[in-house]
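Observations on the three-dimensional arrangement
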Amino acid sequence: MSSDMTRSADKTLDKTPAETPETTTGGRIYRPLTDIVETDDGVTLMLEMPGVAAGDVNVTLEKRVLTVRGKVHTRTPEKLQLAYAEYGEGDFERAFTLSDDFDPDRIVAEVGNGVLTLTLPRAAEAQPRKIAVKGA
Amino acid sequence: MYYPTYARRSDPFALMRSMLRDFDPFTPPGRARPVFPAVNVWQGDDAVAITAELPGIDPVDIDISVKDNVLTLSGERKAPQVPEGARWHCNERSFGRFTRAIRLPFAASDDKVEARMVHGVLRIVVGRPEEDKPKKIEIKAA
C-alpha cells in the first residue's frame, strides 16, 4: 500500500522525529506509531497521538497521499519546573501513499484516548465481487 | 584495556564476561530499554507532577498507587479488536501489561494524589505533606 508501511518498524520506545523540514516555530514534530489493518471492506489505520484533541487533527487526502497532522497543546504546569524528561512533546505528522481504490468522501476519522482511528472503506467498484457458480 | 576483574583470577570467566560487555552489540550504551511508559517529572515547592503518554489506554485500566515515597503506575494496553481474516500491514504499537515505579522526593499520602487523563496523556499531581515542607526559622533578636 505504501512505502512508509513496509519500512521496518523501529521497536524502541523513543518517539521518532518525523521526516519533515524543520518548523519555523522551533517545535518538534514526531511520527506517530501506527498500526494498519486491512480487511476486505477497507483499511483501518490506528495512530498514536497522545495529547491531541479531536479538533486538532487534520486529515487530508490529495493525489493518493493521506496526510495526518495532529497538534499538541503543551500545558506547562504552573509553579512547577521540568525536573526530569524522558519524552518530548510536539506535534505529530505522517503521510501514507494509498492505492487509489479508496473513496475519499467516506473516510471516517475518530479520536479516543489519544489514538486516531481512520477507517478507509474501499470504493464500491473495487470491492471483490463474488460470482456465484450454479450447479448444472 | 585493563580488566580489573581479571586481575583477581578467582573467576575464570570474568575476563570473558567483561569483554562481552564491551562488545555487546545488542544493548547500545545508555539505552537500557524498553521502559514503558516514558515519564516526565515536574517539581515545585508544594507538589510534584508526573506526566506520561498512554495513548489507547482506557483510564479504567490504569492503576496508580502510592506507598511511602514510591509511586507505582501499572495497567494494561489492550490490543485493538480486529475482525477475523484481517491482514496486518504495519504493527508499530505495542500492547500488554506494564508497570513502573517512580521514586518521589518525599513520602506522600494517598489523599494528596490527584490523577487526570486528557487525550491519552496522564497527569499525576502529588502534593507535598505539610510536615515535609521546609520550615522557616526566625532568628530572634538578642
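Read on for a plain summary of the structure.

The rules behind the values
Starting afresh in each chain, residues are numbered from 1 along the sequence in its written order. Each chain gets a letter, beginning with A, and each ligand a number, beginning with 1, in the order they are written. Selection of residues for local features in this predicted model requires a pLDDT of at least 70, selection of side-chain atom pairs for listing and counting requires 80 or more, and totals for whole chains, interfaces and linings are taken over all residues. Labels follow the DSSP assignment, with helices taken as runs of H or I lasting at least four residues and strands as runs of E lasting at least two, numbered in each case from the N terminus. Buried, partly exposed and exposed are defined by the number of other C-beta atoms within 10 Å of a residue's own C-beta, namely 20 or more, between the two limits, and 12 or fewer respectively, with C-beta atoms placed from the backbone. Contacts here follow a simple rule: the backbone-placed C-beta atoms of the two residues must lie within 7 Å. To define a nonpolar core, we join buried Ala, Val, Leu, Ile, Met, Phe, Trp, Tyr and Cys residues through C-beta atoms within 7 Å and take the resulting set. Charged residues are taken to be Asp, Glu, Lys and Arg, nonpolar residues to be Ala, Val, Leu, Ile, Met, Phe, Trp, Tyr, Cys and Pro, and polar residues to be all remaining types, Gly included. Strand pairing follows a simple DSSP-based rule, namely that at least 2 bridges must link the two strands. Helix axes use the C-alpha atoms of the stretch in contact, all axes being lines fitted to C-alpha atoms, and the angles between their N-to-C directions lie in the range 0 to 180 degrees.

What follows deals with the overall build of chain A. Within chain A one finds 1 helix and 10 strands. For chain A, with 136 residues in total, the buried portion stands at 26%. The contacts in chain A between residues at least 6 apart in sequence include a share of 56% that link residues at least 24 apart.

This part is about the nonpolar core. Residues and elements named next belong to chain A. Ranked by internal contacts, the top residues of the largest apolar core, which has 19 residues, are Leu 45, Leu 47, Met 49, Val 115 and Leu 116. Sorting the residues of this core by element identifies strand E4 (42-48), strand E6 (65-72), strand E8 (91-97) and strand E10 (115-121) as the ones contributing at least two each. Leu 47 has contacts with Pro 32, Thr 34, Val 68, Arg 94, Val 115 and Leu 116, leaving out every residue within four places of it along the chain.

Moving on, we get to the interface of chain A and chain B. Every contact between the two is made by 32 residues of chain A and, on the other side, 34 residues of chain B. Only strand E3 (34-38), E4, strand E5 (52-62) and strand E7 (81-85) of chain A provide two or more residues apiece to the side of chain A that touches chain B. Grouping the amino acids of the side of chain A that touches chain B by side-chain chemistry returns 20 nonpolar, 7 polar and 5 charged. Examined bridge by bridge, E3 of chain A and strand E5 (residues 87-91) of chain B share 4 bridges and lie antiparallel to one another. Directly across from Asp 35 of chain A, in E5 of chain B, lies its bridge partner Asn 91 of chain B.

What follows is about the sheet that holds strand E2 (residues 29-31) of chain A. Residue and element names in this part refer to chain A. Read from one edge of the open sheet, 5 strands run E1-E2-E8-E6-E5, paired in mixed fashion. Of all the strands in the sheet, the pair left with one neighbour each is strand E1 (16-17) and E5. Here E6 pairs with E8 via 6 bridges, running antiparallel. Bridging across to E8, Thr 67 finds its partner in Ala 95.

What follows deals with the sheet that holds strand E3 (residues 62-67) of chain B. Whether parallel or antiparallel, the strands of a sheet pair through hydrogen bonds between backbone atoms. Residue and element names in this part refer to chain B. An order of E3-E4-E6 is seen for the 3 strands of this open sheet, with the pairing classed as antiparallel. Every other strand in the sheet has two partners, leaving E3 and strand E6 (96-103) as the edge strands with one partner each. Mean inter-strand twist for the sheet, computed between neighbouring axes without regard to direction, equals 15°. Note: E3 against strand E4 (residues 70-77), 6 bridges, orientation antiparallel. Bridge pairing links Val 66 to Leu 71 in E4.

Quick look at the environment of Trp 42 of chain B now. You can see Trp 42 of chain B is positioned in strand E1 (residues 39-43). Exposure remark for Trp 42 of chain B: the 20 C-beta atoms within 10 Å place this residue in the buried category. Along the sequence, Trp 42 of chain B and Val 125 of chain B sit 83 residues apart, while their C-alpha atoms lie 9.1 Å from each other. Once residues lying within four places of it in the same chain are set aside, the contact partners of Trp 42 of chain B are Pro 77, Leu 80, Gln 81, Leu 82 and Ala 83 of chain A together with Val 48 and Ala 49 of chain B.

Across a regular strand the side chains alternate sides, sitting on one face of the sheet and then on the other. Residue and element names in this part refer to chain A. Burial runs high along E4: 7 of the 7 residues are buried. Across the two faces of E4 the burial is the same, with Gly 42, Thr 44, Met 46 and Glu 48 and Val 43, Leu 45 and Leu 47 all buried. For E3 and E4, the ladder comprises 5 bridges, and the chain directions are antiparallel. Across the sheet, residue Asp 35 finds its bridge partner in E4, namely Met 46. If you look at the hairpin formed by E3 and E4, you'll find 3 residues sitting between the two strands.

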